[in-house]
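Examining the three-dimensional arrangement
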Amino acid sequence: MSTSKHIDVICLAGACLTLLLTMAFVCGEALGLQAADVEMGYESRLFDTSQVHTIDILMEDWDGFLETCQDKEYAQCSLVIDGETCGSAAIRAKGNNSLSSVSAYGNNRYSFKVEFDHYDSSKTYYGLDKLNLNNLIQDNAMMKDYLVYRMMGDFGVAAPLCSYVYLTVNGEDWGLYLAVEGVEEAFLRRNYGSSYGELYKPDSMNGGGGGRASNDDVKLQYMDDDPDSYSNIFNNAKTDVSQADQERLIASLKQLSQGADLEEILDTDAVLRYFVVHNFVCNFDSYTGSMVHNYYLYEEDGVLSMIPWDYNLAFGSFQEQMSATDLVNFPIDTPVSGGDLESRPMVAWIFQDESYTRLYHQYFSQFLTDFFDSGVLEERIDATAALLAPYVQQDPTKFCTYEEFQTAADTLKEFCSLRAQSVSGQLAGTIP
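Here's a quick rundown of the structure. Computed from a prediction, not measured in an experiment: that's the story for all the values here. (Residues numbered from 1 in each chain as written. Predicted model: local features only at pLDDT ≥ 70, side-chain atom pairs only at ≥ 80, totals over all residues. Heavy atoms only, no water.)

Moving on, we get to unusual backbone geometry. Of note, Asp82 is a non-glycine position whose phi angle comes to about 50°, a positive value. Position of Asp82 among the secondary structure elements: in the loop between strand S2 (75-81) and strand S3 (84-94). (Helix = DSSP H or I, 4+ residues; strand = E, 2+ residues; numbered from the N terminus.)

The next subject is helix H4 (residues 144-154). Most of H4 sits inside the fold, with eight of its eleven residues counted as buried. The set of residues buried in H4 consists of Lys144, Asp145, Tyr146, Leu147, Val148, Tyr149, Met151 and Met152. Backbone geometry just after H4 places Gly156 at a positive phi near 95°. (Buried < 20%, exposed > 50% of the residue type's maximum accessible area, 1.4 Å probe, protein only.)

Time to look at the sheet that holds strand S4 (residues 111-115). Strands sit in the order S1-S2-S3-S4-S5-S7-S6 around a closed barrel of seven strands; the barrel is mixed. On average, each strand axis in the sheet is inclined to that of its neighbour by 40°, with strand direction left out of account. (Pairing = 2+ DSSP bridges. Axes fitted to C-alpha atoms, helices over the stretch in contact; angles between N-to-C directions.)

Right, let's get into helix H3 (residues 97-105). Residues of H3 that are buried: Ser98, Leu99 and Val102. Along the long axis of H3, the arc covered by the buried residues comes to 110°, so they all point the same way. Along H3, the residues that are exposed and aim more than 90 degrees away from the buried face are Asn97 and Ala104. Close packing links the buried residues of H3 with S3. A positive phi of about 80° marks Gly106, the residue just after H3. (Arc of directions from axis to C-beta. Contact = heavy atoms within 4.5 Å.)

Under the definition given, this model contains 32 aromatic pairs. Pairing Tyr296 with Trp309 gives two aromatic rings, centres 5.6 Å apart and planes at 85°, and the pair type is edge-to-face. Note that Tyr296 is positioned in strand S9 (residues 295-300) and Trp309 in the loop between strand S10 (303-308) and helix H9 (324-328), a separation of 13 residues in sequence. A relative accessible area of 6% places Tyr296 in the buried class. Take Trp309: its relative accessible area is 7%, and that puts it in the buried class. Between Phe351 and Tyr360 the ring centres are 5.2 Å apart and the planes differ by 85°, which places this aromatic pair in the edge-to-face class. Relative accessible area serves as the criterion here: at 0%, Tyr360 is assigned to the buried category. Within the aromatic cluster, the residues linked to one another by ring pairs are Phe155, Phe280, Phe351, Tyr360, Phe364, Phe367, Phe371 and Phe372. The ring of Phe155 is capped by Arg273, whose NZ or CZ atom sits 5.0 Å from the centre of that ring. (Phe/Tyr/Trp six-rings, centres within 6.5 Å; stacked < 30°, edge-to-face > 60°. Lys NZ or Arg CZ within 6 Å of the ring centre and 35° of its normal.)

With that settled, the discussion passes to the pairing of S10. The buried count for S10 comes to five of six residues, which makes it a mostly enclosed element. Turn length for the S9-S10 hairpin, with the two strands adjacent in sequence and antiparallel, is two residues, and the turn residue Asp301 shows positive phi of about 55°.

Turning our attention to the sheet that holds strand S8 (residues 198-200). Strands sit in the order S8-S9-S10 across an open sheet of three strands; the sheet is antiparallel. Lying at the two open borders of the sheet, with one neighbouring strand each, are S8 and S10. Averaged over all neighbouring strand pairs, the angle between strand axes comes to 25°, with direction disregarded. Bridge analysis of S8 against S9 gives three bridges, and the strand direction is antiparallel. Along S9, the bridge assignment pairs Leu199 with Tyr298. Taken strand by strand, helix H7 (residues 243-258) contacts S8, S9 and S10, and its axis lies near 70° from that of S8. The strands touched by helix H8 (residues 268-280) within the sheet are S9 and S10, with S10 carrying the most contacts at an inclination of about 25°.

Here is the structure:
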């Protein structure tokens, strides 16, 4: 009898514990629990940066596919990644200006977008749904994108993973590319957990428009409460967006324009970190340049943050009529080129309040400590150049000579060193 009572008590306690754990999982956010980042299998495979990976594209009519690349239509192929057959996938050329630029070089070294889930929504590469293969055009150093994504990630910004791959097509050499994680569902799950928010890629030159929007919406300016005024944002949504999602984003942009209670609508830490790295590398083919594109906007529960994208023209390559001296010394407190600071509210707020400006300067100082005082960036440039050297030499489609690659890598390292000295001088006296 006594044993039976004890068993009943134990069973009751177990049931209660199970119920409490179930409630915690189901109502975690209401209880103050935060969703953890999701570990994805592809992180330690394709995006291991210690090596150059291999991807063999298998396609029966590759020449026919290349002839239609300008149309950016998907074609079926098979991929073999690091010797492992991944089966059927979809591939197309990617880019806008870069597509025509490739033709000007007289070859077919396009950038590509691969969708593992295009034909079967359940299919991925160890959790990865989308992959970009960047052709490294307009970057003789072949590492500008790579360095910025690594710096962003190391400095606490949600940034796409990347690594180098050597492409072959049906077993024949094609060239050295940068593999970049697609900023879509897998990226969102990895960085924000399974209950992620909404993702946009604002752009007035790529499938936007259709409403009353000018390019003021891509500057993230508030205009009115009509979603049609923000068609360059909403028509470029990467997640399914409802009317409630639109209203919430517009409300956040309105509050951003007013500059009140910014912690309610900005992940201030994430945005500050993003602009520290972004403003260091002088990328004007971006939100802070005249084109006002090449960024992702993430919104969750009305809180906004920025996700980096496309830095092959960073480190002063997109000059906008500036000299090398101007670029090296470009001011970190007025970081907009091709427009005025006030027209870019996502960065202007930093300089409209002394406390935020002071924190921005502190983060910039920490950035210099982490990457320059420690020698991390210089060592990374040297190590990357050494890693890539044999692949650049054998690359049959590269846009530059091997000697030009070596010179560009040295020039990039010198630019970073001079830029760090300039920023250090700009910070002098601003931090107590």
